[in-house]
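Working through the structure, step by step
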Amino acid sequence: MIGKCDECGLNDVEIMVVTKKDSNKKTKLCNQCRPADGAYAY
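Please read all numbers here as calculations on a predicted model, not as lab measurements.

What follows deals with the environment of Lys 28. Looking at where Lys 28 falls in the secondary structure, it is placed in strand β3 (residues 26-30). Judged by its relative accessible area of 38%, Lys 28 is partly exposed. Separated by 27 residues in sequence, Lys 28 and Met 1 place their C-alpha atoms 10.0 Å apart. Aside from chain neighbours lying at most four places away, what touches Lys 28 is Lys 4, Cys 5, Asp 6, Glu 7, Ile 15, Met 16 and Val 17.

Here it is as structure tokens:
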């Protein structure tokens, strides 16, 4: 999905909607800001 990152403010980047566990808020994060977890953690 292409959009704006809520963390760093970059426009027209590939983003992923992440739900924070502590607050249940949905945040759009780009690849740089997204935490490394799941299948993408190396």
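For the rest of this paragraph, the subject is the sheet that holds strand β2 (residues 13-19). Two modes of strand pairing occur in sheets, parallel and antiparallel, and in both the strands are linked by backbone hydrogen bonds. On the basis of which strands lie adjacent, the open sheet formed by three strands has the order β1-β2-β3 and antiparallel pairing. Two strands in the sheet have a free side with no partner beyond their single neighbour: β1 (2-3) and β3. In terms of strand pairing, β1 meets β2 through two bridges, oriented antiparallel. Residue Gly 3 lies in a different strand from β2, and its bridge partner there is Val 13.

Averaged over the protein chain, the pLDDT score is 84; the fraction of residues at 70 or greater is 86%. When pLDDT is averaged over each element of the protein chain, β1 comes out on top at 94 and β2 at the bottom at 90.

Each disulfide is one covalent bond, formed between the sulfur atoms of two cysteines. The tally for this structure, following the rule as stated, stands at zero disulfides. This cysteine, Cys 30, is not joined by any disulfide, and Cys 33 carries the nearest cysteine sulfur, 3.8 Å off. Residue classification places Cys 30 among the buried residues on the basis of a relative accessible area of 3%. Lacking any disulfide linkage, Cys 33 is separated from the closest cysteine sulfur, that of Cys 8, by 3.7 Å. Residue Cys 33 is classed as partly exposed on the basis of its relative accessible area of 25%.

What counts as what
- Residues numbered from 1 in each chain as written.
- Predicted model: local features only at pLDDT ≥ 70, side-chain atom pairs only at ≥ 80, totals over all residues.
- Heavy atoms only, no water.
- Helix = DSSP H or I, 4+ residues; strand = E, 2+ residues; numbered from the N terminus.
- Buried < 20%, exposed > 50% of the residue type's maximum accessible area, 1.4 Å probe, protein only.
- Contact = heavy atoms within 4.5 Å.
- Pairing = 2+ DSSP bridges.
- pLDDT = per-residue confidence, 0-100.
- Disulfide = S-S within 2.5 Å.

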